[in-house]
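Here is what each chain is made of, one letter per residue.
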Amino acid sequence: MLNKYARAFFTRVLTPFAAFLLRRGVSPDAVTLLGTAGVMAGALVFFPRGEFFWGTIVITSFVFSDLVDGNMARQAGISSRWGAFLDSTLDRVADGAIFGGFALWYAGGGDDNVLCAVAIFCLASGQVVSYTKARGESIGLPVAVNGLIERAERLVISLVAAGFAGLHKFGVPGIQVLLPIALWIVAVGSLITLVQRVVTVRREAAEADAAAATSEAAS
Ligand SMILES: CCCCCCCC/C=C\CCCCCCCC(=O)OC[C@H](COP(=O)(O)OP(=O)(O)OC[C@H]1O[C@@H](n2ccc(N)nc2=O)[C@H](O)[C@@H]1O)OC(=O)CCCCCCC/C=C\CCCCCCCC
Ligand SMILES: O=P([O-])([O-])O[C@@H]1[C@@H](O)[C@H](O)[C@@H](O)[C@H](O)[C@@H]1O
Ligand SMILES: [Mg+2]
Ligand SMILES: [Mg+2]
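Residues numbered from 1 in each chain as written. Chains lettered and ligands numbered in written order. Predicted model: local features only at pLDDT ≥ 70, side-chain atom pairs only at ≥ 80, totals over all residues. Heavy atoms only, no water.

An unreviewed UniProt entry lists the protein chain under the name Phosphatidylinositol phosphate synthase, from Streptomyces noboritoensis. Quoted verbatim from the Subcellular location (unreviewed entry) heading of the UniProt record, the comment on the protein chain is "Cell membrane". The UniProt entry for the protein chain carries the following text under Sequence similarities (unreviewed entry): "Belongs to the CDP-alcohol phosphatidyltransferase class-I family." (UniProt positions renumbered as here; feature names shortened; annotations may be inferred.)

## A closer look at the overall build of the protein chain
Along the backbone of the protein chain there are 9 helices and 0 strands. Viewed in the frame of its principal axes, the protein chain has a C-alpha envelope of about 75 × 45 × 25 Å. For the protein chain, buried positions account for 40% of its 219 residues. A separation threshold of at least 6 residues defines the contact pool for the protein chain, and within that pool the share at least 24 residues apart is 79%. Summing over all exposed atoms, the protein chain offers an accessible surface of approximately 11,800 Å²; the carbon and sulfur share of this is 69%. Computed over 17 positive and 16 negative side-chain charges, the separation of the two mean positions in the protein chain equals 6 Å. (Helix = DSSP H or I, 4+ residues; strand = E, 2+ residues; numbered from the N terminus. Buried < 20%, exposed > 50% of the residue type's maximum accessible area, 1.4 Å probe, protein only. Contact = heavy atoms within 4.5 Å. Areas by Shrake-Rupley, 256 points an atom, 1.4 Å probe, with all protein chains shown as cover. Lys, Arg positive; Asp, Glu negative; His and termini not counted. Charge placed at Lys NZ, Arg CZ, Asp CG, Glu CD.)

## Thoughts on the packing of helix 4 (residues 52–63) against helix 8 (residues 151–165)
The geometry of helix 4 relative to helix 8 is characterised by a closest axis approach of 8 Å and an angle of 140° between their N-to-C directions. When the axis of helix 4 is compared with that of helix 8, the two are oblique. The chirality of how helix 4 crosses helix 8 is left-handed. Facing Phe52, Phe53, Thr56, Ile59 and Val63 of helix 4, the residues of helix 8 in contact are Leu155, Leu159, Ala162 and Gly163. Among the residues forming the contact of helix 4 with helix 8, the class breakdown is 7 nonpolar, 2 polar and no charged. (Axes fitted to C-alpha atoms, helices over the stretch in contact; angles between N-to-C directions. Parallel < 35°, antiparallel > 145°, perpendicular 65-115°, else oblique. Left-handed = near helix turned anticlockwise from the far one by under 90°. Nonpolar A, V, L, I, M, F, W, Y, C, P; charged D, E, K, R; others polar.)

## Examining the coordination of the magnesium ion (ligand 3)
The protein atoms donating to the magnesium ion (ligand 3) are Asp66 (O), Asp66 (OD), Asp69 (OD) and Asp87 (OD), with metal-donor distances spanning 2.0 to 2.4 Å. Given 6 donor atoms and angles of 74 to 171° at the metal, the environment of the magnesium ion (ligand 3) is assigned as irregular. Expressed as a motif, the donor residue spacing for the magnesium ion (ligand 3) is D-x2-D-x17-D. Metal-to-metal, the separation of the magnesium ion (ligand 3) and the magnesium ion (ligand 4) is 3.4 Å; Asp66 coordinates the two. Here Asp69 is found in helix 5 (residues 65–76), whereas its partner Asp87 is found in helix 6 (residues 81–107), with 18 residues between them in sequence. Accessibility expressed as a relative area gives 16% for Asp87, which makes it buried. (Donors = N, O, S within 2.8 Å, 3.2 Å for Na, K, Ca; no water. Tetrahedral: all angles 85-135°; square planar, octahedral: opposite > 155°, others 65-115°.)

The structure is reproduced here in structure tokens:
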């Protein structure tokens, strides 16, 4: 949904910054790498200590690099298969750090086994959701479905909640409950998305196999 409706807006807003980086000789790959490193640092330094406000601020400052790198590549006319591979692979690394950071908090100071398990489920299901599309496309299927929540939704739901939950440390009472709520939403949403994608791949695979069998029989 965000990919469909918010991308155009962010492309307009971020294009001048992307052009500025290109003029300074920065490459899209460097932005991809630096952005991932920043997200990982924010997630793994702050989240395991329950510092959700500052963790979210650091992550948010870097996570938009994921929109800037592709924007730069397209502006410069240097979009590449390697860039696409690097971008998607490092998305998985960044997501692992974010949900891993939540899990580490609940395994330690947050002291909640159920929420630790929910965070691990968010991590694993997010990776599998992405994998269904990548694997489906690699075997030649269109995988014409995005599903209920894609990566952008998973991140916005979790990070907005984490940022506000972090205000608890500044004295706002009760607000920390937002993070568990968000994790449950992402967990259930990812499960639904996974089912939507698997069902689509199953149908597309059956149609493709049937079409191949028909054309083989005809020849
Ligand atoms: C009071 C505070 C309230 C806060 C409210 C905040 C609300 C949330 C605000 C904004 C949400 C923004 C969402 C934006 C989503 C846009 C949708 C989207 O596009 O998602 C996908 C993208 C990137 O995908 P991808 O990497 O595939 O695209 P690219 O454009 O990069 O293209 C890839 C191709 O480019 C080529 N290429 C790439 C790289 C390379 N090196 N070489 C190349 O050649 C190649 O061809 C590739 O194939 O974006 C994301 O997924 C990122 C999502 C960002 C999510 C933001 C989360 C932050 C949200 C909230 C933080 C709030 C903090 C609140 C604190 C509160 C404190 C009180
Ligand atoms: O499939 P998903 O994880 O929900 O969503 C994602 C896509 O929206 C994104 O464009 C791509 O670069 C990511 O690597 C990821 O695959
Ligand atoms: Mg990107
Ligand atoms: Mg990306």
